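Each chain is listed here by its residues.
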Amino acid sequence: MRPVELSPRLLAIAHQVPMGAHFADIGTDHARLPVWLLEHGRIPSAIAADLKEGPLSRARQTAARHDLTERISFRLGDGLTPLGPEEADAVAIAGMGGETIASILGNAPWASGGTCLFYLQPMTSVPDLRRWLWRNGFVIEREELVREDKLYVVITARGGEMAPLTPAEEWCGKQDRDMTSPYRGEYLSMMLSRAERALEGLGCSARLKDQERAKRWRGLVSELKQMKEEWIAWQR
Ligand SMILES: C[S@@+](CC[C@H](N)C(=O)[O-])C[C@H]1O[C@@H](n2cnc3c(N)ncnc32)[C@H](O)[C@@H]1O
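Within each chain, residue numbers correspond to sequence positions counted from 1 in written order. Reporting in this predicted model follows two pLDDT cut-offs: at least 70 for local features of residues, and 80 or more for side-chain atom pairs to be given and counted; totals over whole chains, interfaces and linings ignore these cut-offs and use all residues. Note that the side-chain values use all heavy atoms of the structure and ignore hydrogens as well as water.

Another point: unusual backbone geometry. Although it is not a glycine, D29 adopts a positive phi angle of roughly 50°. Helix and strand definitions here come from DSSP, where helices need a minimum of 4 consecutive H or I residues and strands a minimum of 2 consecutive E residues; each element is numbered from the N-terminal end. Here D29 is to be found in the loop between β1 (23-26) and α2 (32-39). With a 1.4 Å probe rolled over the protein chains alone, any residue whose accessible area is under 20% of its type maximum counts as buried; one over 50% counts as exposed, and the rest are partly exposed. Judged by relative accessible area, D29 falls into the partly exposed class, the value being 25%. For D67, which is not a glycine, the phi torsion comes out positive at approximately 60°. When you line up the elements, D67 lands in the loop between α3 (53-65) and β3 (72-76).

So this is what it looks like as C-alpha cells:
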C-alpha cells in the first residue's frame, strides 16, 4: 500500500505537529492526517474522533488499509468531548466552519489551559473565529495560507492571553515584517475586495442602522488598504 497523500491544507498541519506529540484529529472523516503522521514516524499513536459513525467507519477503513488500526483510537462524539483533558497535546480541527470550531473549543474548558496546541483550519467565518479566539482566552501563535482550489488558512492557537486584534487583523490575521508567505498579498487583495463589496452594498441605504454599519465597514476598508500597502512595501 502506497503511503497516504495529503492535500496542502492537511499537509500544512502535518508539518507543524511536533515529533512524538499526543495527537488527536477532531472531525477526522477519512483519518488521512493521523495515518500520514503515523506513517511518517512523527507520532507513536493517535486519536481519531468524529461526530458521525459514517466518517468514523471511513477512518477505520483507511487505518485498516494502512495496517495502522492498532495505533489509532477511534472515538465517536461531539468535538473534544470524546477526549480526556490530558490525552492530547496537539489537536487538529480541520475542514469545518469557523463557528463550529469556536463552539468545539468553547465547550471544552480545558482547551484554553495552554498545554495543548490546536491546528485550526476553518472553511468559512475565518474573521469570526479569530475574534472568538482572542476574546476567549486563546493566543494565535501562527497562521499559514495554503492553496488548494482556493486559499485556506491554518491557524495555530493555544490557551493564553493575546493583545486584542484590530478589525483588519480579525479580517486577515496579524502581519509582521519577518513573515514570509507567497499568498499573503493575494489574500489581502481578496479580503479587501470582499470588504469593499460589502461596503458598496450598504452605501445606498438611507437607514440609520445601515449607515452606522457602513461607517464600520469604511473603517475596515481603510485599515485593510493600509495593511496591504505595508505588506507591499515590506516585499520590496
Ligand atoms: C469536511 S470533513 C473534514 C475532514 C478532515 N478533517 C479534513 O479537513 O479533510 C468534516 C468532518 O467533521 C465532522 N464534524 C462536524 N462537526 C463535528 C463536531 N462537532 N465534532 C466532531 N466532528 C465533527 C463531520 O462529521 C465530518 O466528518
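All right, on to the packing of aromatic side chains then. The pairing test for Phe, Tyr and Trp rings, Trp by its six-membered ring, is centres within 6.5 Å, and the orientation test on the planes gives stacked under 30 degrees, edge-to-face over 60, and tilted for anything in between. Inspection of every chain in the model, using the stated rule, returns five aromatic pairs. Between W231 and W234 the ring centres are 6.3 Å apart and the planes differ by 70°, which places this aromatic pair in the edge-to-face class. Of the two residues, W231 and W234 both sit in helix α8 (residues 208-235), three residues apart, roughly one turn of that helix. No difference in accessibility class separates W231 from W234, as the two residues are buried. Every member of this aromatic cluster is reached through a ring pair, and the members are W110, F118, W132 and F138.

Right, let's talk about the pattern of salt bridges for a bit. Here, a salt bridge means any Lys or Arg side-chain nitrogen found within 4 Å of an Asp or Glu carboxyl oxygen. One pass over the structure, following the stated rule, counts 15 salt bridges. Here D128 ties to R131 by a salt bridge, and the two come within 3.1 Å at their closest N and O atoms. Note that D128 and R131 are positioned in helix α5 (residues 126-135) at a spacing of three residues, about one turn of the helix. The class of D128 is partly exposed, set by a relative accessible area of 32%.

This part is about the packing of helix α7 (residues 184-203) against α8. The packing of two helices is summarised by the inter-axis angle and the distance between the axes. Between N-to-C directions, angles span 0 to 180 degrees; the directions come from axes that are lines fitted to C-alpha atoms, helices contributing only their stretch in contact. Remark: α7 packs on α8, axes separated minimally by 9 Å, with the N-to-C direction vectors making an angle of 160°. By the angle class used here, α7 and α8 are roughly antiparallel. In the packing of α7 onto α8, the handedness of the crossing is left-handed. Seen from α7, the contacting residues are R184, G185, L188, S189, M191, L192, A195, E196, A198, L199 and L202; seen from α8, they are D210, R213, A214, W217, R218, L220, V221, L224, K225, M227, K228 and W231. We call two directions roughly parallel when the angle between them is under 35 degrees, roughly antiparallel when it is over 145, roughly perpendicular when it lies between 65 and 115, and oblique otherwise. In a left-handed crossing the near helix is turned counterclockwise from the far helix by less than a right angle, and in a right-handed crossing that turn is clockwise. The contact definition used throughout considers only heavy atoms, calling two residues in contact when any of these lie within 4.5 Å.

An expected span of 1.5 Å times one less than the residue number is assigned to each helix. Taking 1.5 Å per residue as the helical rise, α8 with its 28 residues ought to reach 40 Å, and the 41 Å between its terminal C-alpha atoms agrees with that figure. Those residues of α8 that sit buried are D210, A214, L220, V221, L224, M227, W231 and W234.

This paragraph deals with the domain arrangement of the protein. Annotation of the protein at the domain level lists domain 1 (8-162) and domain 2 (184-235). Computed from C-alpha coordinates alone, the two centres of domain 1 and domain 2 are separated by 31 Å. Listed as interface residues are seven residues of domain 1 and, on the opposing side, four residues of domain 2. For the pair domain 1 and domain 2, the two sides together bury roughly 450 Å², of which 63% comes from carbon and sulfur. It is L145, R147 and L151 in domain 1 that bury the most area against domain 2; as a group they hold 73% of the surface buried on that side. At the boundary of domain 1 and domain 2, one finds one salt bridge. Two N or O atoms count as a polar contact when they lie within 3.5 Å, although within protein this holds only if one can serve as hydrogen donor and the other as acceptor, and sequence-adjacent residues are included solely when both atoms are side-chain atoms. Linking domain 1 to domain 2 there are two residue pairs in polar contact (both at pLDDT 80 or more). A total of three residues in the side of domain 1 that touches domain 2 trace back to one element, the largest contributor, which is α5. Partitioning the side of domain 1 that touches domain 2 into residue classes produces five nonpolar, no polar and two charged. Where each domain starts and ends follows an automatic or database-derived domain assignment. Buried area is understood as the total, over both parts, of accessible area removed when two parts are fitted together, assessed with a 1.4 Å probe. Gly is put with the polar residues, along with every residue not named as nonpolar or charged; the nonpolar set is Ala, Val, Leu, Ile, Met, Phe, Trp, Tyr, Cys and Pro, and the charged set is Asp, Glu, Lys and Arg.

Our next topic: the nonpolar core. Definition of nonpolar core: a set of buried residues of the types Ala, Val, Leu, Ile, Met, Phe, Trp, Tyr and Cys, connected through side-chain atoms within 4.5 Å. One finds L80, V91, I93, L105, F118 and L120 to be the most contacted residues of the largest nonpolar core, which totals 49 residues. Here this core spans two domains, since at least three of its residues come from each of domain 1 (8-162) and domain 2 (184-235). With near-sequence residues (within four places) excluded, V91 lies in contact with A24, I26, L80, L83, C116, L117, F118 and Y119. One finds L33, L68, I72 and A92 within the second-largest nonpolar core, a separate group that totals 32 residues.

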